[in-house]
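Descriptive analysis of the structure
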Amino acid sequence: MKSLVSILLCFSVTGILAQSSTPDTIPLSILQEVIVKGYEQNRKIKEIAAPLSLISRQQFQRYGETSILPAVNAAPGVRMEERSPGSYRLNIRGSSLRSPFGVRNVKIYWNDIPFTDPGGNTYLNQFSFYNFSSVEILKGPGSSLYGAGTGGVMLINSFPEIKNSVSLNYSGGSFQAHNINVNAVTGNESFRNMITYSHQQSEGYRRQSAMKRDIVSWETRLRSNDKLTLSTHVLYGDLFYETPGALTKAQYLADPKAARPAGGPFPSAEQNKAAIYQKTFWAGIHQQYVFNEHWQNTTSIYGAFSRIENSAIRNYEKRLEPNFGGRTTFSYSAAFDETKLKVIAGAEIQQGYSTNKVYKNKLGAIDSIQTDDEVNNNQAGVFLQADLTLPKGWIVTAGGSYNRSAMEFERLSVVPSFLYKTNYNNELAPRLSLLKKLNSSMSVYGVVSKGFSPPTVAELLPSTSVINTDLQAEHGINYELGFRGSFFNHLSVDLNAYYFRLQNSITQRRDNSGADYFVNSGKTKQQGIETALDYQVRSKAGEFISQLNIWLSHTYQHFRYKDFKQVTTDFSGNKIPSIAPHTIATGIEVVTKIGVYGNVNYYYSDAIPLNDANSEFASSYNLLGFKAGYRFTIGKHLKADLFVSGDNLFNQTYSLGNDINAAANRFYNAAPGVNYLAGIGLQIL
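If you're wondering where the values come from, they're calculated on a predicted model, not measured in any experiment. (Residues numbered from 1 in each chain as written. Predicted model: local features only at pLDDT ≥ 70, side-chain atom pairs only at ≥ 80, totals over all residues. Heavy atoms only, no water.)

Brief notes about the overall build of the chain
Each helix and strand counted, the chain has six helices and 40 strands in total. In terms of overall dimensions, the chain is globule-like: its C-alpha atoms have a radius of gyration of 25 Å, near the 26 Å expected for 685 residues. Dimensions of the chain, computed from C-alpha atoms along their principal axes, come out at roughly 75 × 55 × 50 Å. Looking at the chain as a whole, 56% of its 685 residues qualify as buried. Of the accessible surface of the chain, which amounts to about 27300 Å², a share of 60% is contributed by carbon and sulfur atoms. (Helix = DSSP H or I, 4+ residues; strand = E, 2+ residues; numbered from the N terminus. Rg over C-alpha atoms; globule rule 2.2 N^0.38 Å. Buried < 20%, exposed > 50% of the residue type's maximum accessible area, 1.4 Å probe, protein only. Areas by Shrake-Rupley, 256 points an atom, 1.4 Å probe, with all protein chains shown as cover.)

Set out below in structure tokens:
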């Protein structure tokens, strides 16, 4: 922590000097004036009664242009992990107990279209760094408007408001990393096209951790008149990444670069050529139609198809996952003197059909079949929300939804075939919020919401290939208090505290082969405080430093099992695994009038419990990084950007993406040591 104190002291002194020597002449409300979409309100963020983090394109570009992970982790209450290159996990204000790999119990929308599949899984790794223009992260249960779930919502926007141009980006660095992106934007305000191609590859830090990814996307936006806006989005992703497997603590400390060795009846990760082969095609259409000054409708439909092969230590899995769905909302707005009313009603439905065949893995090749399953799953929900803006700065929002999830598993590899059906129907999932604007730049709010989350397909049919007929849905109630404000026209503050009681919490287990399975772990009590500070100064025209920005976020999480017994072992009162009690992200960024820019960023994570017994902890770690560059123009039509970045400058040995409750104590997936990246970006206008 000494390094953290030193950095914060430097930031404080620099900020004071900058304020006295470079007075601001441009009024700033910083975050306060940003319009966000969360909960379909399209308001300034200071008028949103919800815990919300907004990550802009500028924030993504503070780090090396290969992954959104460090920018996401700079948001309080959010943790994104990468067990090996291309293998992402994401949790919002919660644990990774439900995500041994992939993204679960977080509802994700891409350009207002559902991207999470009807089975509850999201292939976030099918996006490249350049598919993200901005992201809104809604924390806490979002069931009142976004369907079943207790783990939050992510709204991704990929269409930047930029002029017609052709852009080329290249970066390369440690571990033979190469990243290429080509982007073209054409059209006008009425009709605009954007085509993007991205290629990324790396040999990885650990053995058996190489990855290669190619992504092509095509997006259009049509505004035929003042009433109709139509957009289409098409994406194809081809991803390959090796999976080195988790290590015991002794193996991890002896050689963090090692892949999982052979043990007992199981070969090593390298012997079985452990890897993921994933191809996804996704296409969606979104339309917004304004009937009149009171009524409007937004409707989206999509279709997707994924083909996945998983050569694992235990087996070889092949999956085909077609799915489709849509969402529609009708909104009514009216004003009565100083009172404004907005009512939103709508529905969302998704349907999936998938096949899942599991074979014996013979040194990376398919051998005899073990199980053959067909899965039919669907989710549907209806929702209603009323938003009332009252005199004297009061805003009241009340909403609720009813959601249904049904799954059918048919095992064809046994005679006669085995058929299992399950339905999860929740009672009304309500949400009530109240916000008071204290003045033009400050507000306080309170929220009470209920969440409901059925098991995902991957939890009912985990990698053990044993259909879990006992798993129940989890549900809970969340209480929230928050404050947003700006001070001195430079400093924005976002502070919130919450208390979440969860029942039937779904918890991950791993057997000796590394295969995951899930159990309900009774009641949990989850409490936390999230703080985000942003200090920004813009200088007078002609001064050398044109912009200085200092940011800091802190997350405190006190998560405990309230009532959890496993056979005869009582874990009640223990810390919930995968949760760091404290995390801190901070940095300072400087931009000069001659085009030179740079930032230093720091991240701290507390020790993390790795099992329900709390007998093993991943050690705390400190990460120091930087990015520096030079932006300039050549003539009237060419812009250039040269940069170099570095990460983990302390060369810490740490695990980013632990295997929780693993048999034989194989918890650790080592993250890269010190690494560097250099790149160039060209834009032709």
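Looking at the packing of aromatic side chains
Counted according to the given criterion, the structure contains 27 aromatic pairs. Their ring planes at 70° and their centres at 5.0 Å tell us that Y289 and F291 sit as a pair that is edge-to-face. Taken together, the ring pairs in this structure connect F60, W110, F115, F127, F129, Y130, F132, W282 and Y302 into an aromatic cluster. It is R62 that lies over the ring of W551; its NZ or CZ is 3.8 Å from the centre. Taking the ring centre of F643 as reference, the NZ or CZ of K627 above it sits at 4.5 Å. (Phe/Tyr/Trp six-rings, centres within 6.5 Å; stacked < 30°, edge-to-face > 60°. Lys NZ or Arg CZ within 6 Å of the ring centre and 35° of its normal.)

As for the side chain of H233
As for its placement among the helices and strands, H233 is situated in strand 16 (residues 228–242). A polar contact is formed between the side chain of H233 and the side chain of N111, at a distance of 3.3 Å. Separated by 3.3 Å, the side chains of H233 and S231 make a polar contact. Not counting the four nearest positions on each side in its chain, H233 is found in contact with W110, N111, I113, W218, E219, W282, A283 and G284. (Polar contact = N/O pair within 3.5 Å; in protein donor to acceptor, adjacent residues only side chain to side chain. Contact = heavy atoms within 4.5 Å.)

Considerations on the environment of Y556
Tracing the backbone shows Y556 in strand 31 (residues 545–563). Contact partners of Y556, with chain neighbours within four places excluded, come to Q527, G528, I529, P581 and H582.

Section: the sheet that holds strand 7 (residues 107–110)
Pairing within the open sheet is mixed, and its five strands lie in the order 3-10-11-7-8. Taken across any chain shown, the strands that pair with only one partner, and hence form the sheet edges, are strand 3 (52–55) and strand 8 (113–114). Where strand 7 lies against strand 8, two bridges are found, and the strand directions are antiparallel. Looking across to strand 8, one finds that W110 is bridged to I113. (Pairing = 2+ DSSP bridges.)

Describing the pattern of salt bridges
Two side chains of opposite charge can pair, provided their charged atoms sit close to one another. Throughout the structure, instances matching the rule amount to 26 salt bridges. One salt bridge in this structure joins R484 and D494, with 2.9 Å as the shortest N-O distance. Taken together, the residues span a long stretch of sequence, with R484 in strand 26 (residues 474–487) and D494 in strand 27 (residues 491–503) at a distance of ten residues. Using a relative accessible area of 10% as the deciding quantity, one classes D494 as buried. Ionic pairing is found between D641 and R631, a salt bridge with its closest N-O pair at 3.6 Å. (Salt bridge = Lys/Arg side-chain N within 4 Å of Asp/Glu carboxyl O.)

Focus on the nonpolar core
Judged by nonpolar contacts, the single largest core of 55 residues is most densely connected at L90, I108, L124 and I156. Taken together, the elements giving at least two residues each to this core come down to helix 3 (69–73), strand 4 (78–84), strand 5 (87–92), strand 7, strand 10 (134–138), strand 11 (153–157), strand 18 (295–311) and strand 38 (621–634). Beyond its immediate sequence surroundings of up to four residues, L124 is in contact with M80, Y88, L90, V103, I108, F132 and I156. (Core = buried A, V, L, I, M, F, W, Y, C linked by side-chain atoms within 4.5 Å.)

Topic: the environment of Q296
The residue Q296 is located in strand 18 in this model. For the pair Q296 and L228, spaced 68 residues apart in the sequence, the C-alpha separation amounts to 9.9 Å. If we ignore the near neighbours within four places in the chain, the residues touching Q296 are Q288, Y289, V290, F291, T329, F330 and S331.

Considering the environment of P85
Mapped onto the elements of the fold, P85 is located in the loop between strand 4 and strand 5. Overall, the relative accessible area of 22% leaves P85 in the partly exposed class. Sequence separation between P85 and Y205 is 120 residues, and the spatial gap between their C-alpha atoms is 8.7 Å. Aside from chain neighbours lying at most four places away, what touches P85 is G204, S209, M211 and Y241.

A look at the pairing of strand 30 (residues 523–538)
In terms of strand pairing, strand 27 meets strand 30 through twelve bridges, oriented antiparallel. Note on strand 30: the bridge partner recorded for N496 is E530. Both strand 30 and strand 31 contribute to a ladder of 16 bridges, which runs antiparallel. When the bridges of strand 31 are listed, T531 appears paired with H554. With antiparallel pairing between neighbouring strands as the criterion, strand 30 and strand 31 make up a hairpin whose turn holds six residues, including G542 at a positive phi of roughly 95°.

A few points about the confidence of the model for the chain
Chain-level pLDDT for the chain is 89 on average; 93% of the residues reach the 70-or-more range. Between residues 1–30, whose pLDDT stays under 50, and residues either more than four places distant or in other chains, the model counts 51 contacts. (pLDDT = per-residue confidence, 0-100.)

Comments concerning the pairing of strand 19 (residues 316–336)
Looking at chain direction, strand 18 and strand 19 are connected through 17 bridges and run antiparallel. When the sheet's bridge partners are listed, Q296 is paired in strand 19 with S331. Hairpin remark: strand 18 followed by strand 19, antiparallel, with four residues in the connecting loop. Pairing analysis gives 19 bridges linking strand 19 to strand 20 (residues 339–362), with the strands arranged antiparallel. Along strand 20, the bridge assignment pairs L320 with T355. Following strand 19, the chain reverses through two residues before pairing antiparallel with strand 20; D337 in that reversal takes a positive phi of roughly 55°.

Describing the side chain of E480
Within the secondary structure layout, E480 lies in strand 26. A distance of 3.1 Å separates the side chain of E480 from the side chain of N496, its partner in a polar contact.

Side note on unusual backbone geometry
For the bond running from V415 to P416, omega is -5°, close enough to zero to count as cis. Unusually for a residue other than glycine, D337 sits at a positive phi of about 55°. Inspection of the secondary structure puts D337 in the loop between strand 19 and strand 20. Despite not being glycine, K392 shows a phi value in the positive range, around 65°. Mapped onto the fold, K392 is located in the loop between strand 21 (365–390) and strand 22 (394–411).

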